[in-house]
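These are the residues of each chain, in order.
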Amino acid sequence: TDFLVPPDLTGLDDEILSSPMLRNPEFCAEVDEWIEFWRTRSSRWFPSYLERMAWFEETVDSALAARDLPPSLRYLPVIESGYSPGAVSVASAVGLWQFMAPTAESLGMEVTALVDERRDPLKSTEAAAAFLGELHQEFGSWFLALAAYNAGPGRVRRLLIRYAPLEPRTDRLYWELRRYLPKETREFLPKLFGAIVVAGSPASHGYELLEPDPFSFDEVS
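Fair warning: this is a prediction, and the values are worked out from it, not measured in the lab.

Peer 1: Give me the lowdown on the overall build of the chain, citing residues and values where you can.
Peer 2: When helices and strands are counted, the chain shows nine helices and zero strands. Scanning the chain from its N terminus toward the C terminus, one meets helices and strands in the order α-α-α-α-α-α-α-α-α. Its C-alpha atoms give the chain a radius of gyration of 17 Å, within 12% of the compact-globule value 17 Å for 221 residues. In the chain, which comprises 221 residues, the proportion classed as buried is 48%. As displayed, the chain offers around 11,700 Å² of accessible surface, 50% of which is attributable to carbon and sulfur atoms.

In structure tokens, the structure reads:
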């Protein structure tokens, strides 16, 4: 129940939204392209994303606040799954946070033929908050941590060891290494920031502003 109580976010800093990368013209140009994508080409399905986000955002906000993580991470499930607990990717990633089975199991979730806790909004959100915190602690930069979330920590570790073993772990270093990442991961951060802009202010981008409709459920044994 702790994760069903909406936190007070007033006055909290957000390290992701204060990144120096937001003063990089090339990065911002890519963000603008994704803003346009969310406003236009995705307009048929984006309202459904916003509706599901209204169900789950308080659960997500609470999990992030409990670990002192940036509140803007609430928009990560928008681009991962459209906030759908039943989403399954072509690579067999599942749930709100699109966990692969080995990662989910390493975070304590059960993934079997009968039970797949990646589909559980509460358990997967708690696991995602823990995982994101671990990635940031390891990589020291939210841009590197989010690249690792998408491409896998092992790939980012190898890039750092090969190309920048002694460099400070910063968001700018992510930009320097980005060309070595898969296309999906190169687009991941601009895509996220585009979603932050549009989903963070839907009425300004042609979408209806929805009243929060918090996730609630009955527990059955």
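Having seen it, we continue.
Peer 1: Now, about the packing of aromatic side chains: what can you tell me, with residues and values included?
Peer 2: On inspection of all chains with the given rule, the structure shows 17 aromatic pairs. On the numbers, 5.5 Å between centres and 55 degrees between planes, the contact of Phe27 with Phe143 is tilted. With a gap of 116 residues between them, Phe27 in helix α1 (residues 25-39) and Phe143 in helix α6 (residues 142-151) connect regions that are remote in the sequence. Exposure class is identical for Phe27 and Phe143. Each is buried. Seen from their ring centres, Phe27 and Phe193 are 5.6 Å apart, and the 85 degrees between their planes marks the pair as edge-to-face. Taken as a pair, Phe27 in helix α1 and Phe193 in helix α9 (residues 183-200) lie far apart in primary sequence, 166 residues in all. Accessibility assignment for this pair places Phe27 and Phe193 in one class, buried. One aromatic cluster in this structure is built from Trp34, Phe37, Trp38, Phe46, Tyr49 and Tyr207.

Peer 1: Could you give an account of the pattern of salt bridges, naming the residues involved and the relevant values?
Peer 2: Where side chains of opposite charge bring their charged atoms close, a pairing between them can arise. Counted under the stated rule, the structure contains eight salt bridges. One salt bridge in this structure joins Asp116 and Arg118, with 2.8 Å as the shortest N-O distance. Because the salt bridges share partners, they merge into one network encompassing Glu57, Asp61 and Arg74.

Peer 1: Give a description of unusual backbone geometry that names residues and reports values.
Peer 2: A positive phi angle, near 70 degrees, is found at Ser92, a position not held by glycine. With respect to the element layout, Ser92 can be found in the loop between α3 (76-81) and α4 (101-106). Unlike most non-glycine residues, Gln98 shows phi in positive territory, near 55 degrees. Topologically, Gln98 is positioned in the loop between α3 and α4. By relative accessible area, which is 13% here, Gln98 ends up buried.

What counts, and at which threshold
- Residues numbered from 1 in each chain as written.
- Predicted model: local features only at pLDDT ≥ 70, side-chain atom pairs only at ≥ 80, totals over all residues.
- Heavy atoms only, no water.
- Helix = DSSP H or I, 4+ residues; strand = E, 2+ residues; numbered from the N terminus.
- Rg over C-alpha atoms; globule rule 2.2 N^0.38 Å.
- Buried < 20%, exposed > 50% of the residue type's maximum accessible area, 1.4 Å probe, protein only.
- Areas by Shrake-Rupley, 256 points an atom, 1.4 Å probe, with all protein chains shown as cover.
- Phe/Tyr/Trp six-rings, centres within 6.5 Å; stacked < 30°, edge-to-face > 60°.
- Salt bridge = Lys/Arg side-chain N within 4 Å of Asp/Glu carboxyl O.

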